Amino acid sequence: MKTNIFPAIRLTIVTLLFFCVVYPAVVWAIAQMTPDGGRGETVTADGKRYYANIGQKFTADRFFNSRPSAVEYNAAGSGGSNKGPSNPEYLAVVQARIDTFLMHNPGVDKKDIPVELVTASGSGLDPDISPKAALIQVKRVAAARKVSEERVAQLVSEHTEKPLLGMFGPEKVNVLSLNIALEKL
């Protein structure tokens, strides 16, 4: 028994030290090298402070809608709904989101709605949408702001982030930065 229990205790102590002290210290040190010292990128607009990498709720027609959140955009507890694609409650929620989107965006066909506009992300805090999801909202936003669709589409293009090094990840649009730019028009 001694041949098994002492190595197991030593392994437990080493693992605890590594994962409770060494690893967090390394992550903290790396975070200190970021521009905001690991505190998150903040954006100030109209006297309010927002975190750029956490989804925000925009529902007015004059703004681009964010991806829905299963946690109501509460960063204190991120997470998905944990309901499967065949769950009747989940299907009802998605259908309600589709109906709301179609009501606010007349002329859009149900089949053309990008999935991220009616389903929440795994974290519930995704700040980005695809360029397609932004472009499908251009007509509504332009009409609500009485601005040309071309100007709003140009703004979407200007705020489209390309993949890292041109190959890692999809193109994306940060909804907060796009809506702040809309306010400056």
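For the structure itself, look to the data block above.
The rules behind the values
- Residues numbered from 1 in each chain as written.
- Predicted model: local features only at pLDDT ≥ 70, side-chain atom pairs only at ≥ 80, totals over all residues.
- Heavy atoms only, no water.
- 1 Å grid on protein atoms, 1.4 Å probe; cavity = no way out; pocket = protein on both sides within 12 Å on 5 of 7 lines; lining within 4 Å.
- Points joined across faces, edges and corners; volume = space filled by probe spheres on them.
- Nonpolar A, V, L, I, M, F, W, Y, C, P; charged D, E, K, R; others polar.
- Salt bridge = Lys/Arg side-chain N within 4 Å of Asp/Glu carboxyl O.
- Buried < 20%, exposed > 50% of the residue type's maximum accessible area, 1.4 Å probe, protein only.

### Side note on the layout of surface pockets
Thinking step 1. Taken as a whole, the largest pocket holds about 390 Å³ of empty space.
Thinking step 2. Surrounding the largest pocket, 15 residues form its lining, T59, N65, S66, P68 and R97 being those nearest its centre.
Thinking step 3. Looking at the lining of the largest pocket residue by residue, the classes come out as six nonpolar, six polar and three charged.
Thinking step 4. Within this model, the second largest pocket holds a volume of roughly 190 Å³.

### Looking at the pattern of salt bridges
Thinking step 1. Applying the stated rule across the entire model yields eleven salt bridges.
Thinking step 2. For E89, the salt bridge is made with K83, and the minimal N-O distance between the two is 3.0 Å.
Thinking step 3. Judged by its relative accessible area of 35%, K83 is partly exposed.
Thinking step 4. Where salt bridges share partners, they join R62, R145 and E183 into one cluster.

Bear in mind that shape data such as this cannot, by itself, settle questions of function.
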